[in-house]
Number of protein chains: 2
Amino acid sequence: MANITKKVSWSSRADESGAAAERTPLLNGSEPARVSRQLSAGGSLFHIGRLSTVDLEEEMTPDEDSLRGRPKEIPHNEKLLSLKYESLDYDNSENQLFLEEERRMSYMGFRCLEISRWVICGLIGFFTGLIACFIDIAVEELAGLKYQVVKENIEKFTEVGGLSISLILWAVFNAAIVMLGSIIVAFWEPIAAGSGIPQIKCYLNGVKIPRVVRLKTLLVKVGGVICSVVGGLAVGKEGPMIHSGAVIAAGVSQGRSTSLKRDFKIFEYFRRDTEKRDFVSAGAAAGVSAAFGAPVGGVLFSLEEGASFWNQMLTWRIFFASMFSTFTLNFFLSIYHNKPGDLSNPGLINFGRFESDSMAYNLYEIPLFIAMGALGGFLGACFNVLNYWLTIFRIRYVHRPCLQVMEAMLVAAVTATVSFTMIYFSTDCQPLGPDHNEEYPLQLFCADGEYNSMATAFFNTPERSVRSLFHNPPGTYNPLTLGLFTLTYFFLACWTYGLAVSAGVFIPSLLIGAAWGRLCGILLASISASDSIWAVPGKYALIGAAAQLGGIVRMTLSLTVIMVEATGNVTYGLPIMLVLMTAKIVGDYFEEGLYDIHIKLQSVPFLHWEAPATSHWLTAREVMSSPVTCFNRIEKVGTIVDVLSNTSTNHNGFPVVVHVSDNDEPAKLCGLILRSQLIVLLKHKVFVELARSRLTQRKLQLKDFRDAYPRFPPIQSIHVSQDERECMMDLTEFMNPTPYTVPMETSLPRVFKLFRALGLRHLVVVDDSNRVVGLVTRKDLARYHLGKHGLEELQLAQT
Amino acid sequence: MANITKKVSWSSRADESGAAAERTPLLNGSEPARVSRQLSAGGSLFHIGRLSTVDLEEEMTPDEDSLRGRPKEIPHNEKLLSLKYESLDYDNSENQLFLEEERRMSYMGFRCLEISRWVICGLIGFFTGLIACFIDIAVEELAGLKYQVVKENIEKFTEVGGLSISLILWAVFNAAIVMLGSIIVAFWEPIAAGSGIPQIKCYLNGVKIPRVVRLKTLLVKVGGVICSVVGGLAVGKEGPMIHSGAVIAAGVSQGRSTSLKRDFKIFEYFRRDTEKRDFVSAGAAAGVSAAFGAPVGGVLFSLEEGASFWNQMLTWRIFFASMFSTFTLNFFLSIYHNKPGDLSNPGLINFGRFESDSMAYNLYEIPLFIAMGALGGFLGACFNVLNYWLTIFRIRYVHRPCLQVMEAMLVAAVTATVSFTMIYFSTDCQPLGPDHNEEYPLQLFCADGEYNSMATAFFNTPERSVRSLFHNPPGTYNPLTLGLFTLTYFFLACWTYGLAVSAGVFIPSLLIGAAWGRLCGILLASISASDSIWAVPGKYALIGAAAQLGGIVRMTLSLTVIMVEATGNVTYGLPIMLVLMTAKIVGDYFEEGLYDIHIKLQSVPFLHWEAPATSHWLTAREVMSSPVTCFNRIEKVGTIVDVLSNTSTNHNGFPVVVHVSDNDEPAKLCGLILRSQLIVLLKHKVFVELARSRLTQRKLQLKDFRDAYPRFPPIQSIHVSQDERECMMDLTEFMNPTPYTVPMETSLPRVFKLFRALGLRHLVVVDDSNRVVGLVTRKDLARYHLGKHGLEELQLAQT
């Protein structure tokens, strides 16, 4: 599809600093063939097998960019898989050190670890709830302040004329606040842009997105989302809350902050990918739980996005974190709402409780719901297509931070202007009842005791607008208002998603859907002869909201449960589920889900649940990367340093072999060692010769590896003298002696299943005598995907 | 612990018929050493490695039973793992036939398959809902009839005296109905006894329990549960509904009924363990969903009990089945309740809706809830210990069907007598309000316009009693009534569980808990000075019910969600979760969960989520079974027939090797073939020689294997002539050429993880040259478990 010249990448910063190669070493086997041929096979380093990697620069036509001497900006298109993303390793490296530690540990030790895990999950829940509460209250207070000032201004000028001054005030307010939020995102931490859900999806899938779980990201995210919501953009705060939960989890579970340079010397056992990913799942669940008051939905979200192997205790812990997060949030909110301790207060249910009595549905309404689901799926696909084009446009032309800030300000000003215009020209006046729950009723040109109905939708935070659409009594909105609102908000929301601000898409989607859903309800009620009870507009608003959200994000089980929990009514489960299902089926016919589009545009090697259905004719032999750079069990330091320093390959895992014959012959596998382990070994100079001379030298322990985790130093920072290069390193103790292997004839689905189910990073392909012939990594599997015309193969690129 | 002489086994019938060995072939490598030594290594059959199997009869002291000449009844104790259970194979045998079929299939073909899966799930949901509805209505009508008759009788005799006649009438009624239910279970299909949840747990875990998903089992289960509930036993109908769902799923998904000898020639693709297990998960979920009106809870139940590898589409389909089941049930019930089509009718919520306004809870109540959880855990453990002893007693002395029927009748009569006595001596009279919802208010000795309060608890189906305890206004029960009721019902329920009747334990547990929970609520209200709003007894009844149920069954996440959905109130999620967690922690301190106890008493090789924590010092070398019976790629028919016919070994999977050297040398692995595949090959006489002579012979297809699934004929039924014995069989095309393997040094947790995550049945252990040295099967992993004194090893036995 569209060729993109410059990419606004999730990790664009690393590109710009030029240190990308150091910080994000590539996967093994990914080296372009040309480079590997140049590499002199010095010492006992050897390559096995045949070449299969795509050589990007040879196959693609050079672009003007590369002519202008910007080699980093390789032209590439959508059908590309980036090699810059590292994978997480969900498989423990069971080397001797690890096994010794595990064997030393008593049963009580394991019990203590288990208890620590629960404590950590509790803390994750607590802090996530706290942050969510902070965001909630900050948005509430600041938005309240803003709307109060603007409202007074409008009221003043309604009387004396010159409402354009109010408009300017409103627009400037919005633009200024959004500018603040956009500046911190664009200049300080670009990864904090957007909702964060695609990034968390990738992380849980096993892709390491640089800086996604850092403290700085959290700060920018929280600050940014408050600014965007208060700035009146068509955004929600839910996505960022989920991302915040994940960051908190990554921080708390490690017992230290690398950014703050503080190490609390606790939870050291959990300093590895396996454990960390579990906690990040819990954090994401806690985030969902806090965002929607949906603890079960949170657990299901984590599972849907992340789980490969389901474990009962883990799930139970995730649920605990979720529960704790909702609990914390509700507790503090109940204090804020002056009802301290009243945890079953219905005001704590996000979208307001739907009472079954007034909102009953009947069998014959189900076809209507399904039709609405189809409409939602179609509209969602439209939204996604528009947003896709917009994102392509942004990647091409709006990639400088200052441009991004200006775009965000523009959107903010336009949002204010459009809203104002809509309110100004609206003639939909509604009486202000005694028990009205409008926060900021705008009278404008309405009669006394009445208010402008359009303003309840526009002159409000989006979350409150959703509530109004769900729960305001029939007759509160007239159809024209709703129609116009839907139309404008649809385009505003679509334009907003992807700006360099921290903001989610859940609430805007719900709002669009609620508006047209309510419109459907009103139309149905007017069609049906009698004033029948069934066409309650609020009910249709809910269905519409579900349909639109489902059509955009394409989540399934978790979204059903989130909607049920956020509305506090379980009997709506069935219609919501049917609607989401229809929306997904219809939507998928046209275009992927929004998050998937953005993940694809970043060329992330994302692994789906199963291998493509028609991939049985592929075997490990075709899929694997080769030649594989292997090491001997006892290897020369110089060779290791050379291999690790080779920036053009940047392999991350190396099979360790018994060196039987000469260079080109495959050798027997006896283990697997990771780049990170080798780096630590080099740093501590664990050389055979030194061990002999310095007998008192402290033996390397697992702790040394954990202390270095997760930011292992680049190889360039480790000084190895010419003498040391001649030393030997014994890898036996540190390699994983039992890596998972598959024979060459294994079919792709089988390889995929093993890889995905166990969350592997490297899978060694062996021949019938256990000799290494290839290595399968994430990108080898991710590049096969099912396109419109059957199985397609994505190309690999260094960008 | 206790030595058991005779075991009332889940598959006792097979034992009695003497055909056990044929029908339930054992796992490979499980042969007692003594036997394998006797086996003459004829032809190219050879054994590799060293012996590790426990020889039961040599190590254990002979019991008087074996002296009396009953060799089938080997003495064994609880620390035993039965070898009679086959495993399910969740790993496809990717042989050439399979790959050819998959490669032939177009993308549209896969789409059609996917659509069929959805259709099947819809059907599963529909039929499960229908069956649940049938059970519901049958119980309602029949119990109504019974209580009406007894009530009229009691009223008659209250006036004229001679209530003992009423008692006898009641007791005889109960005993007669229960006798009916017990006879069909004990004589016709013993596997239908109990709740069925332990059996379904085992099935989903990957253990094939004989006859558990047959049509006959379903019929007996449904008939049995109606009889038991109508017969007034302290049982629920929820467990059997779950079992029914699983049976329906197994039947529908295969498109045929072996019992009815009907093959509809549809869904043939799904005739293998992998697919069938997925559908059974969906069926179990649909069952839970129908039983409690909890579709999300159903999905979580299936996942908690069964899932190993979580797959989004699968989960989504399971959810669809669940939803459809609730929907069907609700639709038909709404017709039954004369409100056709009103699907959000609160009357459809199982335990009645808890309205948040009247039942709010507050922060300071949470410690109270936790204390109740601890009490529930303790009481649950007591229940389990008592039931454990009772089960041991039953296994020893009550193993004849007629004895079982008599015991069931006795329990029925005693239940009626105790109930009657309690009601008779109760002086707790309550005024019969105008809006009372007592179905059968008994006046007895109360004044006119009043009714006996004890009777609302006893003279009712247990499910209705739970509802009354949850929702009757404060003051309906006096504390003494509740205390006495708790005490008697506790023992009655404990005695009842394990009878040879089809009955669940959910509702009795809830009832016990609701009774003492409500008692707590009343006591709390009386302690607190003012008539404060918070101590609503119904709320405490709910918490107590959750605590007691959690203490008995020890389910976690799924139970929380089930309770939330069954009460229709999401705000109770947090307290219920805390209570269930406390109950589980406290309960686990004393004794395992009820289902786990019963699974253990059956010596089922049940795999938990993870290997025992302290098992890192074990490696595949210690764990694996050896010697392994291997076949050559081209093998003599006689050898194969001999190996398969050897009833003392009954291996199920055979590594296929390249025969390099002489007998005792390990040979290179080149595939894995299953007993079932060999049987089909023998049946169709796929011999090399015949293929040459009869060129026109039809090539064996995957269909032939599917037609034989799942009841492959025993080897004895296949006639192989002496000439044919000399023929050769080429296994290349039929074996799985890429079985999963692990090196000998792999640690047990790593082996366990691979085995469990992929749902394997056989895992080949190889040396560093890919030569077969052992085989790991389910029982090799299941026998290591964490006891009170660290890691324990269970012994293997043929029973």
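The structure under discussion appears in the preceding block.
Structure report, in brief. What you see is a predicted model, and the numbers here were worked out from it, not measured in a lab.

Points about the packing of aromatic side chains
Describing an aromatic ring pair means giving the distance of the ring centres and the angle of the ring planes. Scanning all chains against the criterion turns up 59 aromatic pairs over all chains. Judged by centre distance (5.5 Å) and plane angle (70 degrees), the ring pair of Phe331 of chain B and Phe332 of chain B falls under edge-to-face. Residue Phe332 of chain B is classed as partly exposed on the basis of its relative accessible area, which comes to 29%. Connected via pairs of aromatic rings, a cluster forms that spans Trp118, Phe320, Phe324, Phe327, Phe331 and Phe332 of chain A. Note that Lys146 of chain A overlies the ring of Tyr147 of chain A, its terminal NZ or CZ placed 4.5 Å from the centroid. Positioned above the aromatic ring of Tyr269 of chain A, the side-chain terminus of Arg272 of chain A is 4.6 Å from the ring centre.

Remarks on unusual backbone geometry
Following Tyr709 of chain A, the chain continues to Pro710 of chain A via a peptide bond in cis, the omega torsion being -10 degrees. Note that Pro710 of chain A resides in the loop between helix H29 (702-708) and helix H30 (722-725). One non-glycine residue with positive phi stands out, namely Asn338 of chain B, at about 65 degrees. Positionally, Asn338 of chain B belongs in the loop between helix H14 (312-336) and helix H15 (366-397). With phi around 55 degrees, Ser603 of chain B is a residue other than glycine that occupies positive phi space. Relative to the elements of secondary structure, Ser603 of chain B occurs in the loop between helix H24 (594-601) and helix H25 (620-623). Ser603 of chain B gets classed as buried once you look at its relative accessible area, which sits at 4%.

A word on the sheet that holds strand S15 (residues 741-743) of chain A
Residue and element names in this part refer to chain A. Spatial ordering of the open sheet is given by S15-S16-S17, a layout of 3 strands whose pairing is mixed. Here the strands that pair on one side only, and so sit at the sheet edges, are S15 and strand S17 (772-777). Within the sheet, the average angular offset between the axes of one strand and its neighbour, ignoring direction, is 30 degrees. As paired elements, S15 and strand S16 (residues 762-766) share 3 bridges and run parallel to each other. Bridging from a neighbouring strand, Pro743 pairs with Val766 of S16. Running at roughly 145 degrees to S16, helix H31 (residues 748-758) makes contact with S15, S16 and S17 of the sheet.

Notes on the nonpolar core
With 328 residues, the main nonpolar core has Phe459 of chain A together with Phe459 of chain B as its most contacted residues. Each residue touching Phe459 of chain B, except ones within four places of it in the same chain, is listed here: Tyr147, Val150, Lys151, Ile154, Trp170, Ile423, Tyr440 and Leu442 of chain B. Ranked by size, the runner-up nonpolar core spans 56 residues in total, among them Ala611, Leu760 and Leu781 of chain A together with Leu748 of chain B.

So, the pairing of strand S16 (residues 762-766) of chain B
Residue and element names in this part refer to chain B. In terms of residue burial, S16 counts as a mostly covered element, since 5 of its 5 residues are buried. The two faces of S16 match: His762, Val764 and Val766 on one face and Leu763 and Val765 on the other face are all buried. Once you follow strand S15 (residues 741-743) into helix H31 (residues 748-758) and on to S16, the crossover reads as right-handed. For S16 and strand S17 (residues 772-777), the ladder comprises 5 bridges, and the chain directions are antiparallel. Looking at the pairing, Leu763 lines up with Val776 of S17. Hairpin geometry of S16 and S17 is characterised by an intervening segment of 5 residues between the two adjacent antiparallel strands and by a positive phi of about 65 degrees at Asn770.

Topic: the environment of Asn478 of chain B
Residue and element names in this part refer to chain B. Looking at where Asn478 falls in the secondary structure, it is placed in the loop between helix H18 (462-471) and helix H19 (479-496). When the C-alpha atoms of Asn478 and Ala493 are compared, they prove to be 22 Å apart, with 15 residues separating the residues in sequence. If sequence neighbours within four positions are ignored, Asn478 has contacts with Asp428 and Gln430.

With respect to the sheet that holds strand S12 (residues 653-658) of chain A
Sheets are built from strands paired through backbone hydrogen bonds, the pairs being either parallel or antiparallel. Residues and elements named next belong to chain A. Reading across the sheet, the 3 strands line up as S10-S12-S13 and stay open at both edges, with mixed pairing between neighbours. The open sheet terminates on both sides in strands that have one partner only, identified here as strand S10 (631-632) and strand S13 (668-674). Relative to S12, S10 is paired through 2 bridges, and the arrangement is parallel. Bridge pairing in S12 places Phe631 opposite Val656.

Regarding the pattern of salt bridges
Note on pairing: side chains with opposite charge can pair once their charged atoms come close. As enumerated under the stated definition, the model contains 60 salt bridges over all chains in all. Two residues, Arg271 of chain A and Asp263 of chain A, come together in a salt bridge whose shortest N-O distance is 2.9 Å. Taking the relative accessible area as the measure of exposure, Arg271 of chain A reaches 2% and is therefore buried. Residue Asp263 of chain A is classed as partly exposed on the basis of its relative accessible area, which comes to 30%. Ionic pairing is found between Arg621 of chain B and Glu745 of chain B, a salt bridge with its closest N-O pair at 3.7 Å. With Arg621 of chain B in helix H25 and Glu745 of chain B in the loop between S15 and H31, this pair connects stretches of sequence that are 124 residues apart. Residue Glu745 of chain B is classed as partly exposed on the basis of its relative accessible area of 41%.

Concerning the packing of helix H12 (residues 273-292) of chain B against helix H13 (residues 295-305) of chain B
Residue and element names in this part refer to chain B. Orientation of H12 relative to H13, taken along the N-to-C sense of each, is 140 degrees, at an axis distance of 7 Å. By the angle between their axes, H12 is oblique relative to H13. Relative to H13, the crossing made by H12 is right-handed. Residues Ser281, Ala282, Ala284, Ala285, Val288 and Ser289 of H12 form the contact with H13, whose own contacting residues are Pro295, Gly297, Gly298, Val299, Phe301 and Ser302. Looking at the contact of H12 with H13 residue by residue, the class counts come to 7 nonpolar, 5 polar and no charged.

Structural notes on the packing of helix H9 (residues 197-205) of chain B against H12 of chain B
Residues and elements named next belong to chain B. The interhelical angle for the contact between H9 and H12, taken along N-to-C directions, is 145 degrees, at an axis separation of 10 Å. The handedness of the crossing between H9 and H12 is left-handed. For the pair H9 and H12, the contacting residues are Ile200, Tyr203, Leu204 and Asn205 in the first and Lys276, Arg277, Val280, Ser281 and Ala284 in the second. Among the residues forming the contact of H9 with H12, the class breakdown is 5 nonpolar, 2 polar and 2 charged.

Concerning the relation of the copies chain B and chain A
What connects the two chain copies is a rotation about an axis and a shift along it. When chain B is brought onto chain A, the operation consists of a screw motion whose angular component is 180 degrees and whose axial shift is 0.0 Å, with 0.0 Å RMSD remaining. In short, the pair behaves as if placed about a two-fold rotation axis. Most of the interface of chain B is mirrored in chain A, where 100% of its interface residues again form contacts.

A few points about the interface of chain B and chain A
Between chain B and chain A, the contact holds 87 residues from the first and 87 residues from the second. Note on chain B versus chain A: buried area summed over both sides is about 8,100 Å², and carbon and sulfur give 67% of it. The shortest N-O distance in the salt bridge between Asp91 of chain B and Arg750 of chain A comes to 3.1 Å. Mapped by element, the contributors of at least two residues to the side of chain B that touches chain A are helix H6 (96-104), helix H7 (107-160), H13, H14, helix H22 (557-567), helix H23 (573-590), S15 and H31 of chain B. Broken down by element, the side of chain B that touches chain A gets its largest block of residues, 8 residues, from H14 of chain B. By residue class, the composition of the side of chain B that touches chain A is 44 nonpolar, 26 polar and 17 charged.

Quick word on the environment of Val247 of chain A
All names here are of chain A. Mapping Val247 onto the fold places it in helix H11 (residues 238-254). The class of Val247 is buried, set by a relative accessible area of 4%. A C-alpha to C-alpha distance of 31 Å links Val247 and Leu542, two positions 295 residues apart in sequence. Once residues lying within four places of it in the same chain are set aside, the contact partners of Val247 are Val212, Val213, Arg214, Leu215 and Leu218.

Quick look at the state of the cysteines
Taken as a whole and judged by the stated rule, the model has 2 disulfides over all chains. For Cys429 of chain A, the disulfide goes to Cys446 of chain A, at an S-S distance of 2.0 Å. For the disulfide bridge between Cys429 of chain A and Cys446 of chain A, the dihedral angle about the S-S bond is near -85 degrees, and by the sign convention the bridge is left-handed. Of the two residues, Cys429 of chain A sits in strand S8 (residues 429-431) while Cys446 of chain A sits in the loop between S8 and strand S9 (450-452), which places them 17 residues apart along the sequence. Of the cysteine sulfurs around Cys227 of chain B, a residue in no disulfide, the closest is that of Cys133 of chain B, at 18 Å. With a relative accessible area of 11%, Cys227 of chain B lands in the buried category. Here Cys402 of chain B is not cross-linked by a disulfide; its sulfur's nearest cysteine counterpart is in Cys227 of chain B, at 19 Å. On the accessibility criterion, Cys402 of chain B (41% relative accessible area) is partly exposed.

Procedures and definitions
- Residues numbered from 1 in each chain as written.
- Chains lettered and ligands numbered in written order.
- Predicted model: local features only at pLDDT ≥ 70, side-chain atom pairs only at ≥ 80, totals over all residues.
- Heavy atoms only, no water.
- Phe/Tyr/Trp six-rings, centres within 6.5 Å; stacked < 30°, edge-to-face > 60°.
- Buried < 20%, exposed > 50% of the residue type's maximum accessible area, 1.4 Å probe, protein only.
- Lys NZ or Arg CZ within 6 Å of the ring centre and 35° of its normal.
- Helix = DSSP H or I, 4+ residues; strand = E, 2+ residues; numbered from the N terminus.
- Pairing = 2+ DSSP bridges.
- Axes fitted to C-alpha atoms, helices over the stretch in contact; angles between N-to-C directions.
- Contact = heavy atoms within 4.5 Å.
- Core = buried A, V, L, I, M, F, W, Y, C linked by side-chain atoms within 4.5 Å.
- Right-handed = clockwise from strand over helix to strand, strands pointing away.
- Salt bridge = Lys/Arg side-chain N within 4 Å of Asp/Glu carboxyl O.
- Parallel < 35°, antiparallel > 145°, perpendicular 65-115°, else oblique.
- Left-handed = near helix turned anticlockwise from the far one by under 90°.
- Nonpolar A, V, L, I, M, F, W, Y, C, P; charged D, E, K, R; others polar.
- Least-squares fit on C-alpha atoms with pLDDT ≥ 70 in both.
- Buried area = accessible area lost by both parts, 1.4 Å probe.
- Disulfide = S-S within 2.5 Å.

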